[in-house]
Amino acid sequence: MSGDTAGQAAAGLRRDAIGLREVLFQSITAMAPAAAVAASIPAGAAFAGGSLPLSVLIALVACLFTASCVAELARELPAAGSVSTYVAQGLHPAVGFLVGWGYVFVEALVPPLLLLQLGFTTAGTLHQEWSSYPADLWWPWALAGAAIIAVSGYLGVRASARFGTALGIFEVVVLVVFAVWLIGKAGGDNTLSVFGTSHTAEGYEGLTGVFAGSVYTVLAFAGFEAAAPLAEETRNPRRTMHRAVLGAALGIGLFYVLTTYAMSVYYGPDRFGEFGASGAASWEGVARASFGLFWVLVFLAVVNSAVANANACANVSTRTAFALARIRVLPRFLAVLHPKYRSPVAGIAVQTVVAVGAALGLGLSYDPVTAFLLLATVIVTVVIGVYIVVNLACAGYFLRRRREALKPVRHLLLPLLGIAAFVPALLTAAGLPVFDFVSELTAPVSYAGSVVGVWMAAGVVVLVVLMRRHPGRIAETARVHLDDPSPTGLPQNGAVQR
């Protein structure tokens, strides 16, 4: 590297640039609440039927187990490496490297996933309103979204986080207002019976349907940890990260319960098993049929959610890549920062190329919906695997390094419960028919397992090479740079600090 480039990398991310509000909405938008309500959570209705609100409530409790573990580690280890650093400290640096290797890969795939959704949602709606607009002309909208996200990231974390905050507030407010409206319109049909098992779908009676619905609903919570990679750019990160991760998981979980309850009682619990992501029996369909132009706000909230989610996960992928490049386990140029905005400009450029290339390449080779499902399967499989390992790391960290602060319920029982909650979700996301409600994946979506396997195998090869040639670099995955006494925050003498 040249002297100028090295100086840019050494200066570090912009400290104290954002506060609780911005990092809270970093996690909220990474969960894509409007898109989850409209498209993801309804998948559970085929099993839970009108009892889906109970499934969502169970999923919320289950996700809070893991969110608590992530929040505890984020408070102890505020680092851009986030989950990689947590696992390196709690289990072993080599495992931390592999977690970081997988996490940066799938987080880089989230923006193209959302660009595909932005494209086919916008094109499909425009075609429905004006038949002259081609339903398959989705890619200009994907390119427009990619440009917006790239500019937002380039201008630095403050601009990107505030942009995400504005988008997040809009989508949450629209859906909350609509949910309250639905509850009011339901009138005497409001009932707490949807929090029981009497409305499950045919063939999935009782707790079986509720459990199946909750497994699919758990997938809508992915992203609550997205605040953690912004720790080095956040004011009072130990306190702020803890509040942001838990606050996002709890707040959006309650938002999911409210919105699912509202639609269930309005549409009718006993026929809610037919509810889905599109058509008359969907959020947009109900809005179109019953509330006039309000459907436009619902549509805009979903599109907004796609952009906000892509923006948040671009922040995650570029900060995680920066953290790994800083210790030279990824190419060093990914640690280069803009001299004014302190944004990881090289990482943003790579992220943009990956997003555009994956969205257009897969979307045009297959179709945007199929490409979306393929990427979603890859992403969710790895992210849930990361959650399981982070739960283990929480227990390992407090047993090995912070025994004096160990709280058996918080640091041992909750991680075990978190693992138990996410194992069924992992099997379901991977399409492994362990449960009778899991459908085996078909091609090309079934290629997701091979994609994950090849990428992680490549990570093992890189790990072996680094362990033989530069073992100190792998050890540095455990470093918390905010705790480093050096002014640059860069590693000194290869030591690992808590």
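Conventions adopted
Residues numbered from 1 in each chain as written. Predicted model: local features only at pLDDT ≥ 70, side-chain atom pairs only at ≥ 80, totals over all residues. Heavy atoms only, no water. UniProt positions renumbered as here; feature names shortened; annotations may be inferred. Helix = DSSP H or I, 4+ residues; strand = E, 2+ residues; numbered from the N terminus. Expected span 1.5 Å × (residues − 1). Buried < 20%, exposed > 50% of the residue type's maximum accessible area, 1.4 Å probe, protein only. Contact = heavy atoms within 4.5 Å. Salt bridge = Lys/Arg side-chain N within 4 Å of Asp/Glu carboxyl O. Patch = residues over 30% accessible without salt bridge, like charges linked within 9 Å, V, L, I, M, F, W, Y side chains within 5 Å. Areas by Shrake-Rupley, 256 points an atom, 1.4 Å probe, with all protein chains shown as cover. Lys, Arg positive; Asp, Glu negative; His and termini not counted. Charge placed at Lys NZ, Arg CZ, Asp CG, Glu CD. Phe/Tyr/Trp six-rings, centres within 6.5 Å; stacked < 30°, edge-to-face > 60°. Lys NZ or Arg CZ within 6 Å of the ring centre and 35° of its normal. Polar contact = N/O pair within 3.5 Å; in protein donor to acceptor, adjacent residues only side chain to side chain. Axes fitted to C-alpha atoms, helices over the stretch in contact; angles between N-to-C directions. Parallel < 35°, antiparallel > 145°, perpendicular 65-115°, else oblique. Left-handed = near helix turned anticlockwise from the far one by under 90°. Nonpolar A, V, L, I, M, F, W, Y, C, P; charged D, E, K, R; others polar.

Labelled according to an unreviewed UniProt entry, the protein chain appears under the name Amino acid permease, originating from Streptomyces regalis. Among the UniProt annotations of the protein chain, the heading Subcellular location (unreviewed entry) holds the following wording: "Membrane".

Some thoughts on helix α14 (residues 345-365)
Between its terminal C-alpha atoms α14 stretches 29 Å, which fits the 30 Å expected from 21 residues at 1.5 Å a residue. Three or more residues of α14 are buried, namely Ala346, Gly347, Ile348, Gln351, Ala355, Ala358, Ala359 and Gly363. Next to the buried residues of α14 lie α7 (93-129), α8 (139-154), α13 (294-326) and α15 (368-400).

Examining the pattern of salt bridges
In total, this model carries 11 salt bridges according to the counting rule given. Close ionic contact of glutamate 22 with arginine 21 constitutes a salt bridge, the shortest N to O distance being 3.0 Å. Glutamate 129 is paired through a salt bridge with arginine 288; the nearest N and O atoms lie 2.6 Å apart. Of this pair, glutamate 129 sits in helix α7 while arginine 288 sits in helix α12 (residues 283-290), placing them 159 residues apart in sequence. Exposure remark for glutamate 129: the relative accessible area of 35% places this residue in the partly exposed category. Through salt bridges with shared partners, a single network forms among Glu72, Arg75 and Arg410.

Section: a positive patch on the surface
A cluster of basic side chains, namely Arg14, Arg158, Arg162 and Arg235, defines a positive patch on the protein surface. Mapped onto the elements, arginine 162 comes out in helix α9 (residues 157-186).

Re the side chain of threonine 165
One can find threonine 165 in helix α9. Given the relative accessible area of 6%, threonine 165 is considered buried. Among all residues touching threonine 165, those that are not within four sequence positions of it are Arg21, Glu22 and Phe25.

Remarks on the packing of aromatic side chains
One pass over the structure, following the stated rule, counts 23 aromatic pairs. Ring geometry for phenylalanine 105 against tryptophan 455: centres 4.3 Å apart, planes inclined by 15 degrees, an arrangement best described as stacked. Residue phenylalanine 105 is located in helix α7, and its partner tryptophan 455 is located in helix α17 (residues 448-469); the two are separated by 350 residues in the primary sequence. For tryptophan 455, a relative accessible area of 27% corresponds to the partly exposed category. Through successive ring pairs, a cluster of aromatic residues spans Phe178, Trp181, Tyr266, Trp283, Phe291 and Phe294. The ring of tyrosine 267 is capped by arginine 271, whose NZ or CZ atom sits 4.0 Å from the centre of that ring. The ring of tryptophan 295 is capped by arginine 288, whose NZ or CZ atom sits 3.7 Å from the centre of that ring.

Some remarks on the environment of histidine 199
With respect to the helices, strands and loops of the structure, histidine 199 is situated in the loop between α9 and α10 (207-218). Not counting residues within four places of it along the chain, the set of residues in contact with histidine 199 comprises Ala48, Gly49, Gly50, Ser51, Ser193, Val194, Pro269 and Asp270. Reaching out from histidine 199, the side chain makes a polar contact with the side chain of serine 193 at a distance of 2.8 Å.

So, the UniProt feature "domain: Amino acid permease/ SLC12A" (unreviewed entry) in the protein chain
Per the UniProt record, "domain: Amino acid permease/ SLC12A" (unreviewed entry) is found at residues 23-446. Span residues 23-446 is 70% helix and 0% strand, its end C-alpha atoms 35 Å apart.

Notes on the environment of alanine 458
Mapping alanine 458 onto the fold places it in helix α17. Classification of alanine 458 as partly exposed rests on a relative accessible area of 31%. C-alpha of alanine 458 to C-alpha of tryptophan 101: the two residues are 357 residues apart in sequence and 9.4 Å apart in space.

Looking at the packing of α13 against α14
At a closest axis distance of 9 Å, the pairing of α13 and α14 adopts a crossing angle of 125 degrees. By the angle between their axes, α13 is oblique relative to α14. Considering only the axes of α13 and α14, their crossing is right-handed. Between α13 and α14, the contacting residues are Ala314, Ser317 and Thr318 on the first element and Gly347, Ile348 and Gln351 on the second. Grouping the constituent residues of the contact of α13 with α14 by class yields two nonpolar, four polar and no charged.

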